[in-house]
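Below are the chains, spelled out letter by letter.
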Amino acid sequence: DVIGCKTVAQGQVPATQIVTTIVLLRLALGVVAWCGIALIAALVPKYHPIFQYAMLYGMSIFTAALTIGWVPQGQHRMHVVAIAMLATNVGYFGGVLLCTAVGWAPIAVPLILGVTEATTALALWIWLRIACGPLARSLPAREAWRSMWNSQRNFQDFARELVAI
């Protein structure tokens, strides 16, 4: 998100191109992370009773990958970011309240989270289409991976500076 937000803010790459690149990278990494969670939850006997919860909450990795709130943030359109964050949290909180009031099974809670996050992601994609135009092809794979590693180095530099303070 950091490199995407910076890239959008600097205008180095069209927003629609960096979006497709970062979302594809996040989805690819999400598959690896979700499989890792599934493996741990399956192998550790203590997690067997909550395996379905781990898998369902783990699906949030994918809805988070599709949420592109960093684009309006990079464009200094904080009202869009604020509305998206508020909508997600109000929707989730309302869903949990509904789940409690109606007496749904606890398994409904991670499903509510997924639906709420997916709805916000969809709204942000519609906003992107209206504000920035049609989606563009992602950056070539080599350049996309280089951007990802650069963002990791930027984060490490930031962390070092933070620790030095």
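My aim in this report is to walk through the structure given alongside it, one point at a time. Predicted model, so just to flag it, every value in this text is computed and none were measured.

**Examining the side chain of Thr88**
Inference 1: Looking at the element boundaries, Thr88 is found in helix H6 (residues 78-102).
Inference 2: Here Thr88 falls in the buried class, since its relative accessible area comes to 18%.
Inference 3: Once residues within four sequence positions are removed from consideration, Thr88 is found in contact with Thr116, Glu117 and Thr120.

**Re the nonpolar core**
Inference 1: Ranked by internal contacts, the top residues of the largest apolar core, which has 20 residues, are Ile18, Val19, Ile68, Trp70, Val71, Trp125 and Leu128.
Inference 2: Secondary structure elements with two or more residues in this core: helix H1 (2-10), helix H2 (15-43), helix H5 (70-74), H6 and helix H7 (108-132).
Inference 3: Those residues in contact with Trp125, other than ones at most four positions away along the chain, are Val19, Val23, Leu66, Ile68 and Leu135.

**Observations regarding unusual backbone geometry**
Inference 1: In this model, His76 sits at a positive phi of 60°, which is unusual for a non-glycine residue.
Inference 2: On the secondary structure map, His76 appears in the loop between H5 and H6.

**Some points on a nonpolar patch on the surface**
Inference 1: Together, Leu39, Ile40, Leu43, Val44, Tyr47 and Ile50 line one region of the surface with nonpolar side chains, adding up to about 550 Å² of accessible area.
Inference 2: Mapped onto the secondary structure, Tyr47 falls in the loop between H2 and helix H3 (51-58).
Inference 3: According to the relative accessible area criterion, Tyr47 is partly exposed, its value standing at 38%.

**Regarding the packing of aromatic side chains**
Inference 1: Inspection of the entire model under this criterion finds 1 aromatic pair.
Inference 2: Relative to Phe62, the ring of Trp34 lies with its centre 6.4 Å away and its plane at 55°, an arrangement referred to as tilted. On the criterion of sequence distance, the pair formed by Trp34 in helix H2 and Phe62 in helix H4 (residues 60-66) is long-range, its members being 28 residues apart.
Inference 3: When its relative accessible area of 24% is taken as the criterion, Trp34 is described as partly exposed.

**What about the side chain of Thr16?**
Inference 1: In this fold, Thr16 is placed in helix H2.
Inference 2: Setting aside chain neighbours within four positions, we find Thr16 in contact with Cys132, Gly133, Pro134, Leu135 and Ala136.

**Some remarks on the layout of surface pockets**
It is the rolling of a water-molecule-sized probe over the atoms that shows where space remains empty.
Inference 1: When its volume is computed, the second largest pocket comes out at roughly 330 Å³.
Inference 2: Looking at the second largest pocket, it is lined by 15 residues, and the ones nearest its centre are Thr67, Gly69, Ala84, Met85 and Thr88.
Inference 3: Contributing elements (two or more residues each) for the lining of the second largest pocket: H5, H6 and H7.
Inference 4: It is H6 that contributes the most residues to the lining of the second largest pocket, 5 residues altogether.
Inference 5: Its residues assigned to classes, the lining of the second largest pocket comprises 6 nonpolar, 6 polar and 3 charged.

**What to know about the packing of H6 against H7**
Inference 1: As a packed pair, H6 and H7 sit with axes 9 Å apart at the nearest point and diverge in direction by 155°. Between H6 and H7, the crossing angle belongs to the class labelled roughly antiparallel. In this structure, H6 crosses over H7, and the sense of that crossing is right-handed. Contacts between H6 and H7 pair Val80, Ala84, Ala87, Thr88, Gly91, Tyr92, Gly95, Val96 and Cys99 from the former with Ala108, Val109, Ile112, Leu113, Thr116, Glu117, Thr120, Leu124 and Trp127 from the latter.
Inference 2: Residue composition of the contact of H6 with H7, by class: 12 nonpolar, 5 polar and 1 charged.

Rules and cut-offs
- Residues numbered from 1 in each chain as written.
- Predicted model: local features only at pLDDT ≥ 70, side-chain atom pairs only at ≥ 80, totals over all residues.
- Heavy atoms only, no water.
- Helix = DSSP H or I, 4+ residues; strand = E, 2+ residues; numbered from the N terminus.
- Buried < 20%, exposed > 50% of the residue type's maximum accessible area, 1.4 Å probe, protein only.
- Contact = heavy atoms within 4.5 Å.
- Core = buried A, V, L, I, M, F, W, Y, C linked by side-chain atoms within 4.5 Å.
- Patch = residues over 30% accessible without salt bridge, like charges linked within 9 Å, V, L, I, M, F, W, Y side chains within 5 Å.
- Areas by Shrake-Rupley, 256 points an atom, 1.4 Å probe, with all protein chains shown as cover.
- Salt bridge = Lys/Arg side-chain N within 4 Å of Asp/Glu carboxyl O.
- Phe/Tyr/Trp six-rings, centres within 6.5 Å; stacked < 30°, edge-to-face > 60°.
- 1 Å grid on protein atoms, 1.4 Å probe; cavity = no way out; pocket = protein on both sides within 12 Å on 5 of 7 lines; lining within 4 Å.
- Points joined across faces, edges and corners; volume = space filled by probe spheres on them.
- Nonpolar A, V, L, I, M, F, W, Y, C, P; charged D, E, K, R; others polar.
- Axes fitted to C-alpha atoms, helices over the stretch in contact; angles between N-to-C directions.
- Parallel < 35°, antiparallel > 145°, perpendicular 65-115°, else oblique.
- Left-handed = near helix turned anticlockwise from the far one by under 90°.

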